[in-house]
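# Reading the structure
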Amino acid sequence: MNSISTKTMNQKEEIILQLTGIEKSYKTYSETLHVLRGVDLTIHRGEIVSIMGPSGSGKSTLLNIIGLLDTYDSGMYSIAGIDTTNLTRKQKQQIRLQKIGFVFQTFNLIQTLTVQQNIELPMNLLRKSQENQHKRSSELMAEFGLTTKKKKFPYQLSIGEQQRVSIARALVNNPVIILCDEPTGNLDEENAQTILNHLSNLKRFNTTILIVTHNPSIKQITDRNFILSHGKIEQQA
Ligand SMILES: Nc1ncnc2c1ncn2[C@@H]1O[C@H](COP(=O)(O)OP(=O)(O)OP(=O)(O)O)[C@@H](O)[C@H]1O
Ligand SMILES: [Mg+2]
């Protein structure tokens, strides 16, 4: 018992994400838009953290940087102890596949693949064995109530089921962090609550989750809440 609680404490202290002074501007021919003006953020293993902020405040921009889908102009960013400053495109791609799970408002499922194939896709891209892929996707389909839907295509699913597939896919490679951009944005209240419950249940696997959202109900499941305002992150009281 003691050793378990000590282990949990140590894991809690492990830094998964560290951003210091991150700046990002978008330049067009007529103007420069300073979206991020020195973002500082540290997230530890097992935490569920939200970032809220007005539309256009830079939440998706920040999530894209954290997800290594976009670059930053200055500052420092490390994920799971890896400094991202000088990574090649190929290294970023590997880190994205191995360490980051993405959940988007629009689900981003591949329409020509079944539920099972969508969930297995990130494992497939890492060339994991078929046997391992099937074992892992079966576990996840059971966890998210999708077992009877495994051979269905996204268009044959309800909206809530599609989002559950996208969460299962985000988890398939056991990432160090799940990044969610408005995960409940396209859902009605009941389906949104189901997704929040599923995300909250991931606590028992010590999964680290960063959620960007406008939905204040998120606070039911988060450990810490931040606001992105005027290009900086502020912790909410
Ligand atoms: N590729 C781009 N080129 C130029 N400007 C951009 C680009 N992407 C985003 N922006 C601008 O940067 C600002 C921040 O956009 P971002 O999408 O990060 O906001 P957001 O906080 O996610 O908003 P929302 O809540 O509406 O999703 C906006 O003013 C947007 O117009
Ligand atoms: Mg956005």
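The following paragraphs examine the structure supplied in this document. (Residues numbered from 1 in each chain as written. Chains lettered and ligands numbered in written order. Predicted model: local features only at pLDDT ≥ 70, side-chain atom pairs only at ≥ 80, totals over all residues.)

### Topic: the sheet that holds strand β10 (residues 232-235)
Note the cut-off: For two strands to count as paired, DSSP must find a minimum of two bridges between them. Under the scheme used here, helices are H or I runs from DSSP no shorter than 4 residues and strands are E runs no shorter than 2 residues, and both carry numbers assigned from the N terminus. Note on definitions: angles span 0 to 180 degrees between N-to-C directions of axes, and those axes are lines fitted to C-alpha atoms, for helices only across the stretch in contact.
One open sheet accounts for six strands, arranged β6-β7-β8-β3-β9-β10; its pairing is mixed. Since the sheet does not close on itself, it has two edges, and those belong to β6 (100-104) and β10, each with one partner. The mean inter-strand angle of the sheet, taken between neighbouring strand axes irrespective of direction, is 20 degrees.

### Remarks on the nonpolar core
This is how it is decided: For this analysis, nonpolar core means a set of buried Ala, Val, Leu, Ile, Met, Phe, Trp, Tyr and Cys residues linked through C-beta atoms within 7 Å. The exposure label follows from counting other C-beta atoms within 10 Å of a residue's C-beta, where the C-beta atoms are placed from the backbone and the thresholds are 20 or more for buried and 12 or fewer for exposed, leaving partly exposed in between. It is the C-beta atoms, placed from the backbone, that decide contacts: two residues are in contact if theirs lie within 7 Å.
L17, A168, I177, I178, L179, C180 and L210 are the most contacted members of the largest nonpolar core, which totals 54 residues. Other than its neighbours up to four places away in sequence, C180 contacts V103, I209, L210, I211 and V212.

### Brief notes about the site of ligand 1
Our working definition: For each residue, a C-beta position is placed from the backbone atoms; the residue is near a molecule or strand when that point lies within 6 Å of it. Each residue gets one of three labels, nonpolar for Ala, Val, Leu, Ile, Met, Phe, Trp, Tyr, Cys and Pro, charged for Asp, Glu, Lys and Arg, and polar for the others, Gly among them.
Taken together, the residues surrounding ligand 1 are Y26, L33, V35, G53, S55, G56, S57, G58, K59, S60 and T61. Put simply, the parts of the chain that give the shell around ligand 1 at least two residues each are β2 (32-44) and α2 (59-66). Counting residues per element, the shell around ligand 1 draws most heavily on α2, at three residues. A class-by-class count of the residues in the shell around ligand 1 yields three nonpolar, seven polar and one charged.

### Some thoughts on the sheet that holds strand β4 (residues 74-79)
Strand order in the open sheet formed by four strands is β2-β1-β4-β5, with antiparallel pairing between adjacent strands. Among the strands making up the open sheet, the edge pair consists of β2 and β5 (82-83). Alignment of β4 against β5, held across two bridges, turns out to be antiparallel. Looking at the pairing, I79 lines up with I82 of β5.

### Observations concerning the pairing of strand β9 (residues 224-229)
Taken together, the four bridges between strand β3 (residues 48-52) and β9 define a ladder with parallel strand orientation. Bridge assignment links M52 to a residue of β9, and that residue is I227. Sheet topology places β9 next to β10; four bridges connect them, and they run antiparallel. Each bridged residue has a counterpart across the sheet, and for F226 the counterpart in β10 is Q235.

### Side note on the pairing of β3
Across the five residues of β3, five count as buried, placing the element largely inside the fold. Summarising the sheet, β3 and strand β8 (residues 208-212) pair through four bridges and their orientation is parallel. Looking across to β8, one finds that I48 is bridged to I209.

### Some thoughts on helix α4 (residues 115-125)
Turning to α4, its buried residues number three or more, namely V115, Q116, N118, I119, E120, P122 and M123. Residues of α4 that are buried sit in contact with α3 (89-99), α5 (130-143) and α6 (159-171). One or two steps after α4, the chain reaches R127, where phi turns positive at roughly 55 degrees.

### Observations regarding the packing of α6 against helix α7 (residues 189-201)
Condition: For classification purposes, an angle smaller than 35 degrees is called roughly parallel, one larger than 145 roughly antiparallel, one from 65 to 115 roughly perpendicular, and anything else oblique. Crossing handedness is defined as follows: a turn of the near helix away from the far one that is anticlockwise and smaller than a right angle gives a left-handed crossing, while the clockwise case is right-handed.
Interhelical geometry of α6 versus α7 gives an angle of 20 degrees and a closest axis separation of 10 Å. Between α6 and α7, the angle falls in the class roughly parallel. When the axes of α6 and α7 are compared, the crossing they make is right-handed. Where α6 approaches α7, its residues I159, G160, Q163, R164 and I167 are matched on the opposing element by N191, T194, I195 and H198.

### Examining the environment of L62
Note on placement: L62 falls in helix α2. Look at L62 and you get buried, because 28 C-beta atoms sit within 10 Å. Residues L62 and K232, 170 residues apart in the sequence, show an inter-C-alpha distance of 10 Å. Ignoring any residue separated from it by four or fewer positions in sequence, one finds L62 in contact with L36, V39 and L228.

### Side note on the environment of T28
Residue position: T28 is located in the loop between β1 (15-27) and β2. A sequence separation of 165 residues divides T28 from Q193, and the C-alpha atoms of the two residues are 40 Å apart.

### Observations regarding unusual backbone geometry
Of note in this structure, A80 is not a glycine but carries a positive phi near 50 degrees. Take A80: it is sitting in the loop between β4 and β5. The phi dihedral of H230 falls on the positive side, at around 50 degrees, and the residue is not glycine. Assignment of secondary structure puts H230 in the loop between β9 and β10. Of the residues examined, H230 has 11 C-beta atoms within 10 Å and is grouped as exposed.

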